[in-house]
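Per-entry structural report
In case you want the letters, here they are:
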Amino acid sequence: MRPHSSQTPAGAVAPPGAGLALENISHSYGAMRVLEDVNLAVQAGEIVCLLGASGSGKSTLLRIVAGLEPLQHGVVRFDGAELARPGREPPPEERRFGFVFQDHVLFPHLSVADNVAFGLRKRSPDERRERVLAQLRQVGLEAHERRYPHTLSGGEQQRVALARALAPEPAVMLLDEPFASVDSTLRRRLREDARRALRASGVPSIVVTHDAEEAMELADRIAVIDAGTIVQDDTPAAVWRKPADRFVAELFSDTGAVPGRGVAGAVETPFGRIEVAGAEIEENARYAVIARAGSVRLAASPAGDARVVDVRFLGDRHVLTLEAGGERLRALGPGEPDFAVGATVAVAFDSARVLVYRDPGSTW
Ligand code: ADP
Ligand code: MG
């Protein structure tokens with residue numbers, strides 16, 4: 001049961017059923033359940049980010065798909081055909097899947113070119129040379145082909161690892177936190193280049209990350225995993241606009257949650273009363289309100305509820321930390337900050353852009 005290479009040109013329409021499908025995958029380590037009935041489909045040429053906190057089961061799922069961890073329950077399909085089920089699993093080398101892991105695992109005694117050529121031993125020397133150069137060019141390292149891994153930066157080593165994984169024309173690409181150990185200044189460029197290289201390969205790709213911003217930049221679709229369960233699977237825009245639950249909302253929000261209580265159809269909070277469009281607010285129930293970036297407006301007001309306790313200027317935007325009634329809220333705005341530390345402000349919320357969740361544990 002060996003998947004054939006599906007070299008769909010970038011932008012071409014893949015045939016129906018083409019790609020990787022994980023069906024009803026569950027997994028336990030001893031008595032501990034770490035994956036619960038996971039279903040995930042990745043089309044040819046599509047990049048799906050598996051986004052979740054540390055320990056949520058991301059690596060376990062990837063290792064099962066790779067054949068590095070026994071499949072206990074469920075089925076893996078490739079282009080519609082069964083690839084693996086419990087007890088009927090081809091070993092990793094027969095799957096022809098490409099892997100990139102967090103810690104660059106290049107062969108230290110081989111040059112960059114020889115690392116990339118590693119999976120191409122069966123090709124003719126000419127073909128091997130051509131593919132090595134093409135892959136190095138794609139990740140911007142054609143000038144480094146004679147260097148050795150220890151002379152490269154962490155980001156460059158990850159580029160080589162990506163080129164090496166793509167060189168033998170894998171059927172599927174699996175990447176586990178590939179940029180986690182790369183400097184943040186270099187990570188954006190690396191993501192863009194990786195996205196282009198994965199798209200050009202035309203194969204289904206799964207990229208594991210715990211970083212929501214990274215998932216937004218890379219993915220065609222984001223599958224959010226929480227404690228072994230996929231809680232949402234949609235486009236980056238849809239996940240951002242309509243998070244399935246509070247957990248997802250907080251992953252995609254850097255403003256923090258404000259506690260509140262239902263009073264006369266709105267939520268009363270330390271920062272003032274918040275009307276919430278399209279939500280039934282129950283009298284006296286406890287809530288957590290998440291105010292997305294740009295949904296908070298501030299006005300100078302000596303009678304205001306909140307005090308500015310920190311101001312950070314980030315170039316194209318600024319972040320104010322507000323305090324009221326012992327609670328904190330981050331307010332993001334464009335450009336220069338309008339307020340200084342110590343200012344007293346009134347806070348107004350854009351009712352269409354706040355998210356509200358029941359929070360029975362809140363004591364506010
Ligand atoms: P993630 O990659 O999302 O951080 P993992 O899949 O690595 O999560 O781990 C999920 C859970 O399974 C964690 O609680 C982890 O400690 C546990 N775990 C992972 N690998 C093993 C293993 N080989 N044996 C026992 N427990 C494991
Ligand atoms: Mg992991």
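Please read all numbers here as calculations on a predicted model, not as lab measurements.

1. Things to note about the sheet that holds strand β12 (residues 266–269)
Pairing between the strands of a sheet comes from backbone hydrogen bonds, and it takes one of two forms, parallel or antiparallel. Reading across the sheet, the five strands line up as β13-β12-β11-β14-β20 and stay open at both edges, with antiparallel pairing between neighbours. Whereas interior strands pair on both sides, the edge strands pair on one side only; in this sheet they are β13 (272–274) and β20 (354–358). In this sheet, adjacent strand axes meet at a mean angle of 40 degrees when their direction is disregarded. In the sheet, strand β11 (residues 257–263) pairs with β12 via three bridges, with the strands oriented antiparallel. Paired with Val263 across the two strands is Ala266, which belongs to β12.

2. Quick look at the packing of aromatic side chains
Evaluation of the coordinates by the stated rule reveals two aromatic pairs. Ring geometry for Phe99 versus Phe101: centroids 5.9 Å apart, planes at 20 degrees, classification stacked. Aromatic side chains Phe107 and Phe118 sit 4.5 Å apart centroid to centroid with 45 degrees between the ring planes, which places their arrangement in the tilted category. Placement of Phe107 in the loop between β6 (97–101) and α3 (112–117) and of Phe118 in the loop between α3 and α4 (125–138) is noted, with a sequence separation of 11 residues between them. For Phe107, a relative accessible area of 25% gives the class partly exposed. In this structure, Arg121 is placed above the aromatic ring of Phe118, and the distance from its NZ or CZ to the ring centre is 4.3 Å. Over the face of the ring belonging to Tyr287 we find Arg358, whose NZ or CZ atom lies 5.7 Å from the ring centre.

3. Quick word on the nonpolar core
Grouped together as the largest cluster of nonpolar side chains are 41 residues, with contacts concentrated most on Leu162, Met173, Leu198, Ile222 and Phe252. If you list the elements that add at least two residues to this core, you get β3 (47–51), α3, α4, α5 (154–166), β7 (172–176), α6 (184–201), α7 (212–218) and β9 (221–226). Examining the composition of this core, we find that six residues originate from one element, α5, more than from any other. Setting aside residues no more than four positions away along its own chain, Met173 makes contact with Gly98, Val100, Leu162, Ala165, Leu166, Leu198, Val203, Pro204, Ser205 and Ile206.

4. Some thoughts on the packing of α5 against α6
α6 packs onto α5 with a crossing angle of 5 degrees between their chain directions and a minimal axis gap of 11 Å. Of the possible angle classes, the one that applies to α5 and α6 is roughly parallel. Residues Gly155, Gln158, Arg159, Leu162 and Leu166 of α5 pack against Arg189, Leu190, Asp193, Ala194, Ala197, Leu198 and Ser201 of α6. Within the contact of α5 with α6, the residues separate by chemical class into six nonpolar, three polar and three charged.

5. Some details on empty space enclosed by the protein
Counting across every chain of the model gives one cavity of 30 Å³ or more. If you add up the space inside the largest cavity, you get close to 30 Å³. Lining the largest cavity, in full, are Val100, Gln158, Leu162, Leu175, Pro178 and Phe179. Here the residues of the lining of the largest cavity sort into five nonpolar, one polar and no charged.

6. What about a nonpolar patch on the surface?
The grouping of Leu68, Phe101 and Val105 at the surface amounts to a nonpolar patch, some 230 Å² of accessible area in total. With respect to the helices, strands and loops of the structure, Leu68 is situated in the loop between α1 (58–66) and β4 (73–78).

7. A look at unusual backbone geometry
At Glu177, a residue that is not glycine, the phi angle is positive and equals roughly 45 degrees. Position of Glu177 among the secondary structure elements: in the loop between β7 and α6. The phi dihedral of Ala264 falls on the positive side, at around 50 degrees, and the residue is not glycine. Mapped onto the secondary structure, Ala264 falls in the loop between β11 and β12. Among the residues examined, Ala264 registers a relative accessible area of 55% and is labelled exposed.

8. Regarding the site of ligand 1
If you check the shell around ligand 1, you find Tyr29, Met32, Val34, Ala53, Ser54, Gly55, Ser56, Gly57, Lys58, Ser59 and Thr60 and nothing else. A distance of 3.1 Å separates an oxygen atom of ligand 1 from a polar atom in the backbone of Gly57. Contact between ligand 1 and Ser59: an oxygen atom at 2.8 Å from a side-chain N or O atom of the residue. Compared with its free state, where it exposes 560 Å², ligand 1 has 58% of that area covered by protein. Elements supplying a minimum of two residues to the shell around ligand 1: β2 (32–43) and α1. Among the elements that line the shell around ligand 1, the one with the most residues is α1, at three residues. Of the residues assigned to the shell around ligand 1, the class counts are four nonpolar, six polar and one charged.

9. Remarks on the sheet that holds strand β5 (residues 81–84)
Read across the open sheet, the four strands follow the order β2-β1-β4-β5; overall the sheet is antiparallel. Bordering the open sheet on either side are β2 and β5, each of which pairs with just one other strand. The mean inter-strand angle of the sheet, taken between neighbouring strand axes irrespective of direction, is 25 degrees. Two strands pair when backbone bridges link them, and β4 and β5 are joined in this way by three bridges, in the antiparallel orientation. Paired with Phe78 across the strands is Ala81, a residue of β5. Contacting β1 (19–29) and β2, α1 crosses the sheet at an angle of about 120 degrees to β1.

Conventions used here
Residues numbered from 1 in each chain as written. Chains lettered and ligands numbered in written order. Predicted model: local features only at pLDDT ≥ 70, side-chain atom pairs only at ≥ 80, totals over all residues. Heavy atoms only, no water. Pairing = 2+ DSSP bridges. Helix = DSSP H or I, 4+ residues; strand = E, 2+ residues; numbered from the N terminus. Axes fitted to C-alpha atoms, helices over the stretch in contact; angles between N-to-C directions. Phe/Tyr/Trp six-rings, centres within 6.5 Å; stacked < 30°, edge-to-face > 60°. Buried < 20%, exposed > 50% of the residue type's maximum accessible area, 1.4 Å probe, protein only. Lys NZ or Arg CZ within 6 Å of the ring centre and 35° of its normal. Core = buried A, V, L, I, M, F, W, Y, C linked by side-chain atoms within 4.5 Å. Contact = heavy atoms within 4.5 Å. Parallel < 35°, antiparallel > 145°, perpendicular 65-115°, else oblique. Nonpolar A, V, L, I, M, F, W, Y, C, P; charged D, E, K, R; others polar. 1 Å grid on protein atoms, 1.4 Å probe; cavity = no way out; pocket = protein on both sides within 12 Å on 5 of 7 lines; lining within 4 Å. Points joined across faces, edges and corners; volume = space filled by probe spheres on them. Patch = residues over 30% accessible without salt bridge, like charges linked within 9 Å, V, L, I, M, F, W, Y side chains within 5 Å. Areas by Shrake-Rupley, 256 points an atom, 1.4 Å probe, with all protein chains shown as cover. Salt bridge = Lys/Arg side-chain N within 4 Å of Asp/Glu carboxyl O. Near = heavy atom within 4 Å. Polar contact = N/O pair within 3.5 Å; in protein donor to acceptor, adjacent residues only side chain to side chain.

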